[in-house]
Amino acid sequence: MAIPYSLLDLAPISEGFGVKDALNNSKLMAVEAERSGYERVWLAEHHGMHGVASSATSVVLTHIGNATSSIKIGAGGIMLPNHAPLVIAEQFGTLAELFPGRVELGLGRAPGTDMATARALRRNLQSDVDNYPQDIQELQHYLGTPQDSQPIVAVPGADTHVPLWLLGSSLYSAQVAAKMGLPYSFASHFAPDALFDALHVYRNMFKPSSQLSAPQAMAGVMVVIAETDEEAELLFTSVKQQFMNMRRGLNKPFAKPMADFDNYCTASDEAMLANVLRYALVGSKETVKEKLNDFVEATQIDEIIVSMPIYDIDARLFSVKAFADIATACSGPFRSPISVQSDQ
């Protein structure tokens with residue numbers, strides 16, 4: 001049985017291009033992902049970043065849903081402390097009505113931006129991360145079957161039973177997902193340090209729920225596949241520049257590959273990149289296949305979700321298709337994708 005594989009898209013705004021180009025590229029990526037057998041395509045909520053076009057996540061998902069016909073679409077994720085749960089229920093309830101059986105909602109608790117922008121989003125920071133589990137329960141309430149005496153009803157939203165995933169990079173998020181009986185996706189593509197501890201906590205603390213009877217763990221990795229290892233490493237310098245820019249407080253579009261990257265990168269940068277990007281799968285198909293098998297064997301994950309941080313859209317689409325070929329051949333004791341109890 002092949003491991004289920006999904007696509008995480010940040011709608012990158014590449015250097016020299018604009019938001020419209022980024023959103024059109026996201027559409028092309030989703031179409032290729034559907035054609036290549038991916039389980040889902042998720043868009044991530046970020047704000048105020050010159051290299052990311054998916055801040056209005058639910059709006060972009062409508063764009064993706066209209067361009068595809070069967071692949072699951074969702075958020076990876078919505079940063080719930082930024083929003084009233086009722087608003088998110090209405091947005092994703094609307095998506096669920098437009099694209100029946102295809103919509104899912106991944107949730108995170110980070111702001112997805114700097115604190116000044118977070119304050120502008122929330123108007124104040126009173127609704128902080130301490131309310132996260134209560135906000136999740138409130139959101140589930142709005143997406144569920146309304147009671148006769150229920151004073152607030154999400155319209156659309158009620159009775160859609162949009163399946164939730166919890167996302168995170170810490171033991172806290174793993175515990176919340178386990179206690180609530182929800183599927184869990186770990187952000188090892190950019191915050192790998194707690195990967196194995198979080199998976200252990202999630203699996204050992206898991207309690208069945210109406211949505212999920214057994215733990216369902218997914219992990220994120222960056223993937224760059226090209227004809228040769230050397231070409232892939234060159235393409236990978238774009239995301240390396242992005243991490244270095246963020247470390248230096250620079251807010252820039254997604255950079256072009258840099259042939260003389262080693263001359264630009266300091267020893268401190270190299271150490272940071274080696275740590276943060278330790279699970280990235282970069283190389284030819286043969287190289288990435290070996291790395292993928294090692295990662296899946298070590299983590300025993302049930303599913304994998306990949307981002308493709310590549311500047312050129314044609315190279316990005318090549319990587320999407322190539323990874324599908326590799327993942328289809330990666331077999332193991334994986335469970336089928338989650339089965340959600342729903343009235344749909």
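Here the structure is shown first, and the text comes after it.
Caption draft 1: Structural detail: the nonpolar core. Counting 79 residues, the largest nonpolar core has Tyr38, Leu105, Leu107, Ile136, Ile304 and Phe323 as the members making the most contacts within it. What Phe323 contacts, discounting residues up to four positions off in sequence, is Tyr5, Tyr38, Val223, Ile225, Leu281, Leu292, Ile304, Val306 and Met308. If you look at the next biggest cluster of nonpolar residues, it comprises 22 residues, including Met222, Ala232, Val239 and Leu277.

Caption draft 2: Just the side chain of Arg102, in detail. In this structure, Arg102 sits in the loop between helix H3 (85-98) and strand E4 (103-108). Arg102 has contacts with Glu34, Gly65, Thr68, Ser69, Ser70, Ile71, Lys72 and Ile73, leaving out every residue within four places of it along the chain.

Caption draft 3: Structural view of the packing of helix H1 (residues 19-35) against helix H2 (residues 57-67). The interhelical angle for the contact between H1 and H2, taken along N-to-C directions, is 45°, at an axis separation of 9 Å. Considering the angle they form, H1 stands oblique to H2. With respect to the hand of their crossing, H1 and H2 are arranged in right-handed fashion. When H1 is examined against H2, the residues Leu23, Asn24, Ser26, Lys27, Ala30 and Val31 are found in contact with a partner set consisting of Val60, His63, Ile64 and Ala67. Classifying every residue of the contact of H1 with H2 by side-chain character gives 6 nonpolar, 3 polar and 1 charged.

Caption draft 4: Looking closely at the pairing of strand E7 (residues 217-225). Most of E7 is tucked away, with 9 of its 9 residues classed as buried. Going residue by residue along E7, you find Ala217, Ala219, Val221, Val223 and Ile225 tucked away on one face and Met218, Gly220, Met222 and Val224 tucked away on the opposite face as well. Sheet topology note: the strand E6 (residues 184-186)/E7 ladder contains 3 bridges and is parallel. By the bridge assignment, Tyr184 is partnered in E7 with Ala217.

Caption draft 5: Local environment of the packing of helix H5 (residues 132-143) against helix H6 (residues 171-180). Contact pair H5 / H6: the axes reach a minimum separation of 11 Å and the direction vectors enclose 35°. Viewed along their axes, H5 and H6 form a crossing whose handedness is right-handed. Across from Tyr132, Pro133, Ile136, Gln137 and Gln140 in H5, the residues of H6 making contact are Tyr172, Val176 and Met180. Tallied by class, the residues present in the contact of H5 with H6 amount to 6 nonpolar, 2 polar and no charged.

Caption draft 6: Local environment of a negative patch on the surface. There is a patch of like negative charges on the surface, built from Asp229, Glu230, Glu233 and Glu286. For the negative patch, the element with the highest residue contribution is helix H8 (residues 229-247), accounting for 3 residues. With respect to the helices, strands and loops of the structure, Glu230 is situated in helix H8.

Caption draft 7: Quick peek at the pairing of strand E1 (residues 5-9). Summarising burial for E1: 5 of the 5 residues are buried, a large majority. Alternating positions in E1 separate into two faces, Tyr5, Leu7 and Asp9 on one and Ser6 and Leu8 on the other, with burial throughout. Strand direction decides the pairing type here: E1 and strand E9 (residues 303-307), joined by 4 bridges, are parallel. If you follow Leu7 over to E9, its bridge partner there is Val306. With respect to chirality, the unit in which E1 leads through H1 into the neighbouring parallel strand E2 (residues 40-43) is right-handed.

Cut-offs and rules
Residues numbered from 1 in each chain as written. Predicted model: local features only at pLDDT ≥ 70, side-chain atom pairs only at ≥ 80, totals over all residues. Heavy atoms only, no water. Core = buried A, V, L, I, M, F, W, Y, C linked by side-chain atoms within 4.5 Å. Buried < 20%, exposed > 50% of the residue type's maximum accessible area, 1.4 Å probe, protein only. Contact = heavy atoms within 4.5 Å. Helix = DSSP H or I, 4+ residues; strand = E, 2+ residues; numbered from the N terminus. Axes fitted to C-alpha atoms, helices over the stretch in contact; angles between N-to-C directions. Parallel < 35°, antiparallel > 145°, perpendicular 65-115°, else oblique. Left-handed = near helix turned anticlockwise from the far one by under 90°. Nonpolar A, V, L, I, M, F, W, Y, C, P; charged D, E, K, R; others polar. Pairing = 2+ DSSP bridges. Patch = residues over 30% accessible without salt bridge, like charges linked within 9 Å, V, L, I, M, F, W, Y side chains within 5 Å. Areas by Shrake-Rupley, 256 points an atom, 1.4 Å probe, with all protein chains shown as cover. Salt bridge = Lys/Arg side-chain N within 4 Å of Asp/Glu carboxyl O. Lys, Arg positive; Asp, Glu negative; His and termini not counted. Charge placed at Lys NZ, Arg CZ, Asp CG, Glu CD. Right-handed = clockwise from strand over helix to strand, strands pointing away.

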